Amino acid sequence: MASGPSSQTRARDLDRVNACSRLDAAYADGQLGAAEYHDRTAQAMSAKTLTELNLLISDLQLPSSITDQAPVRTPGSPRRALRIAVACAAVIAVGAVGLALTEQDGPEPLTAPVPVQVDKPVAQPEVEAPVVDPIIVGRAQPLTQDGIYALFEQYRQKFGDLTVHELGLYDKYAILSRTAPDAPDKVDRYDFRGGFKVSGTRTQRLPGTGEVDLAQVDVPALVALLGDAPRLIGVPDGTIGHVLLADGGKGPSINVYVYDEQQSGGGYLRATLGGDVWQVTPAE
């Protein structure tokens, strides 16, 4: 009778892709240098067993947003872990929308507790003013064209430029690192869920890494690539796990990670900021 996966259990494509996701996060967090990051990623994509994957990630510290998708299986189903991650994202989104509704409804009791009173137009401007920001918070969709444009515009407004050290795009949020303005050898990390929030502590900038100019990203081409990535990787019914924009020392690139329809396998591809594919690691 099977007793769950052991350290010698053969790795699936999903295990390899999730391990790469952890390596991405560790690289963005300053735990891995560019050379070691690329070396470990290559080893992860060719790993045969869970032991090999564990050796590549066991020394890493990772944010909860990444560890929700565990690359090494336990007796619990990985699909259940993925469903929990999706449910958490949904709760966050619903909570943000609920906050928007709460802030929108707040001024109404000041006018009258009875909604019948509609002859006081002076109350209308008081409701419209605070609505904008909460609605944006509840609608962060960084894997859509409108969501990417909104993220880039808010990034410009927040920081005054479109230069980022690394940027990871997920379905309901984004994570990014930015060179510290007062310490060029260090980077600050942020979470984006419709607004920017400092995440973690300032870390050392990785030697040899470059910056990504988001103004150079061909957003329509990127969105088209996201639509075609499942087919290119060999899982036409698959879904996008996440997208990483970074420069590990060989120029800026877009890395797209894809899961198959059953969430049991996947692969990834690399492309230029203009959307031209130059490497595909297909699902087996």
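Residues numbered from 1 in each chain as written. Predicted model: local features only at pLDDT ≥ 70, side-chain atom pairs only at ≥ 80, totals over all residues. Heavy atoms only, no water.

Novice: I would appreciate a short explanation of the overall build of the protein chain in the present structure.
Specialist: Of the regular secondary structure elements, the protein chain holds ten helices and eleven strands. When burial is assessed residue by residue, the protein chain has 45% of its 284 residues classed as buried. Taking contacts inside the protein chain between residues at least 6 apart in sequence as the whole, the part at least 24 apart equals 58%. Surface accessibility of the protein chain: about 14,300 Å² in total, with carbon and sulfur atoms responsible for 55%. (Helix = DSSP H or I, 4+ residues; strand = E, 2+ residues; numbered from the N terminus. Buried < 20%, exposed > 50% of the residue type's maximum accessible area, 1.4 Å probe, protein only. Contact = heavy atoms within 4.5 Å. Areas by Shrake-Rupley, 256 points an atom, 1.4 Å probe, with all protein chains shown as cover.)

Novice: Even after reading the chapter, I still don't get the nonpolar core, so can you show me in this structure?
Specialist: As a rule of thumb, soluble globular proteins bury nonpolar side chains together. Core analysis: the biggest nonpolar cluster contains 34 residues, and F152, L167, L169, L214 and V256 have the highest contact counts within it. Counting residues per element, the ones that place at least two in this core are α9 (145-159), β2 (166-169), β3 (174-180), β4 (183-192), α10 (219-233), β8 (239-246), β9 (253-259) and β10 (266-271). Considering each element in turn, this core owes the most residues, six residues, to α10. Look past the residues within four positions of L214 in its chain and what remains in contact with it is F152, Y155, L162, V164, L167 and L245. With 26 residues, the next largest nonpolar core counts A44, A47, L56 and Y268 among its residues. (Core = buried A, V, L, I, M, F, W, Y, C linked by side-chain atoms within 4.5 Å.)

Novice: How do you make sense of the pattern of salt bridges when you look at a structure like this?
Specialist: For side chains bearing opposite charge, pairing can occur when the charged atoms are close. All chains considered together, the criterion is met by eight salt bridges. Measuring nitrogen to oxygen at the nearest pair gives 3.1 Å for the salt bridge that ties D15 to R12. With relative accessibility at 0%, the residue D15 sits in the buried group. In this structure, R202 engages D182 in a salt bridge whose closest nitrogen and oxygen atoms are separated by 3.0 Å. With a gap of 20 residues between them, R202 in the loop between β5 (196-198) and β6 (203-204) and D182 in the loop between β3 and β4 connect regions that are remote in the sequence. For R202, a relative accessible area of 37% translates into the label partly exposed. Judged by its relative accessible area of 59%, D182 is exposed. Counted as one network, the salt bridges with shared partners bring together D182, D188 and R202. (Salt bridge = Lys/Arg side-chain N within 4 Å of Asp/Glu carboxyl O.)

Novice: Help me understand the packing of aromatic side chains in this model?
Specialist: For any pair of aromatic rings, the description rests on two quantities: the centre-to-centre distance and the angle between the ring planes. Applying the stated criterion across every chain yields a total of seven aromatic pairs. Measuring from centroid to centroid gives 4.7 Å for Y155 and F159, while their planes differ by 50 degrees, and the two rings are tilted. Here Y155 pairs with F159, and both are found in helix α9, just four residues apart, close to one helical turn. With centroids separated by 5.5 Å and ring planes inclined at 70 degrees, the aromatic side chains of F159 and F196 adopt a geometry described as edge-to-face. In this pair, F159 is assigned in helix α9 and F196 in strand β5, connecting sequence segments 37 residues apart. According to the relative accessible area criterion, F159 is buried, its value standing at 17%. The ring of Y173 carries the charged tip of R193 above its face, separated from the ring centre by 4.5 Å. (Phe/Tyr/Trp six-rings, centres within 6.5 Å; stacked < 30°, edge-to-face > 60°. Lys NZ or Arg CZ within 6 Å of the ring centre and 35° of its normal.)

Novice: Looking at this structure, I do not really get helix α3 (residues 50-57). What am I missing?
Specialist: Turn by turn, an α-helix covers 3.6 residues, leaving residues three or four places apart pointing in a common direction. Inspection of α3 places L50, L53, L56 and I57 among the buried residues, and these make up the whole buried set. With its buried residues spanning 120 degrees around the axis, α3 presents them on a single face. (Arc of directions from axis to C-beta.)

Novice: Explain the environment of G208 here, please?
Specialist: The residue G208 is located in the loop between β6 and β7 (212-213) in this model. Remark: the alpha-carbon pair of G208 and G249, spanning 41 residues in sequence, is separated by 5.3 Å.

Novice: Would you explain the pairing of β3 in this entry?
Specialist: In regular strands, side chains alternate between the two faces of the sheet. The element β3 is extensively covered by neighbouring structure, given that seven of its seven residues are classed as buried. The antiparallel pairing of β2 with β3 creates a hairpin that spans four residues between the two strands. (Pairing = 2+ DSSP bridges.)

Novice: Mind showing me how you'd approach the confidence of the model for the protein chain here?
Specialist: Interpretation of this model should avoid reading the predicted coordinates in detail wherever pLDDT is low. Predicted confidence across the protein chain gives a mean pLDDT of 74, with 68% of residues reaching 70 or more. Considering only residues more than four positions removed or in separate chains, one finds that residues 68-72, a stretch of pLDDT under 50, has 16 contacts. Below a pLDDT of 50 lies the segment residues 74-138, which in the model reaches 32 contacts outside its immediate sequence neighbourhood of four places, other chains included. (pLDDT = per-residue confidence, 0-100.)

Novice: Which parts of the structure should I look at to understand the packing of helix α1 (residues 13-28) against α3?
Specialist: Close contact between α1 and α3 brings their axes to 10 Å; oriented N to C, the two are set at 5 degrees. It follows from the interaxial angle that α1 and α3 lie roughly parallel. Listed contacts from α3 to D15, R16, A19, R22 and L23 of α1 are L50, L53, L56 and I57. Looking at the contact of α1 with α3, its residues break down into six nonpolar, no polar and three charged. (Axes fitted to C-alpha atoms, helices over the stretch in contact; angles between N-to-C directions. Parallel < 35°, antiparallel > 145°, perpendicular 65-115°, else oblique. Nonpolar A, V, L, I, M, F, W, Y, C, P; charged D, E, K, R; others polar.)

Novice: Honestly, the environment of L273 in this entry has me stumped. Any pointers?
Specialist: In this fold, L273 is placed in the loop between β10 and β11 (277-281). Relative accessible area serves as the criterion here: at 9%, L273 is assigned to the buried category. C-alpha of L273 to C-alpha of Q216: the two residues are 57 residues apart in sequence and 6.4 Å apart in space. Beyond its immediate sequence surroundings of up to four residues, L273 is in contact with V212, D213, Q216, V217, D218, P252, S253 and I254.

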